[in-house]
Amino acid sequence: MHRIASLPAVLLLSACAALPSGAAPAADGAEVTLGMGQSTLLADNSLLTYVQLVDDSRCAPGVQCVWEGSAEIALRWQPRDASAREIRLHTNTRTGPVDARVGDRTVTLAGLERGIAPKATLRIVRTR
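Residues numbered from 1 in each chain as written. Predicted model: local features only at pLDDT ≥ 70, side-chain atom pairs only at ≥ 80, totals over all residues. Heavy atoms only, no water.

### As for the pattern of salt bridges
No. 1: Across all of its chains, the model carries nine salt bridges by this definition.
No. 2: For the salt bridge of R94 with E68, the shortest nitrogen-to-oxygen distance reads 3.2 Å. Of the two residues, R94 sits in the loop between β6 (85-90) and β7 (99-102) while E68 sits in the loop between β4 (47-56) and β5 (71-78), which places them 26 residues apart along the sequence.
No. 3: Taking the relative accessible area as the measure of exposure, E68 reaches 47% and is therefore partly exposed.
No. 4: Of the charged contacts, one joins R88 and E72 as a salt bridge, the two residues approaching to 3.3 Å between their closest N and O atoms. Taken together, the residues R88 in strand β6 and E72 in strand β5 connect sequence positions 16 residues apart.
No. 5: Using a relative accessible area of 33% as the deciding quantity, one classes R88 as partly exposed.
No. 6: Ionic contacts of the salt-bridge type, sharing partners, join the residues D28, D44, D104, R105 and R126 into one network. (Salt bridge = Lys/Arg side-chain N within 4 Å of Asp/Glu carboxyl O. Helix = DSSP H or I, 4+ residues; strand = E, 2+ residues; numbered from the N terminus. Buried < 20%, exposed > 50% of the residue type's maximum accessible area, 1.4 Å probe, protein only.)

Printed below as a string of structure tokens:
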């Protein structure tokens, strides 16, 4: 009885050990927050990595600006059986896309902290 109860725990730990450093599974419909260099494993076993902040021209907090500005991040999507693809997402639809299709899922930039290495919040939704 004791061995059977520990089998799911061993399988779960071995699955987590196979993920890259900092990667956590992301369920469909969920939001996940990643720091630069961190990854998340999508439900189809593809890997999504937050590579870098490309540009950030957003208005600073407490400052009155004529234009709200925009920020752009680069992500790398690695399907299980195909070549990796770079994705660029923006915080403002006037400067570029805020979402991208990755396989049968859509990834949306739901939020981006301020700073030199801001964390990005991504919404993962399965599309049909």
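Moving on from the coordinates now.
### As for the state of the cysteines
No. 1: Scanning all chains against the criterion turns up one disulfide.
No. 2: A sulfur-sulfur distance of 1.9 Å marks the disulfide that ties C59 to C65. Between C59 and C65, the disulfide has an S-S torsion of 80° and is therefore right-handed.
No. 3: Judged by relative accessible area, C59 falls into the buried class, the value being 14%. (Disulfide = S-S within 2.5 Å.)

Distances and angles like these do not, on their own, reveal function.
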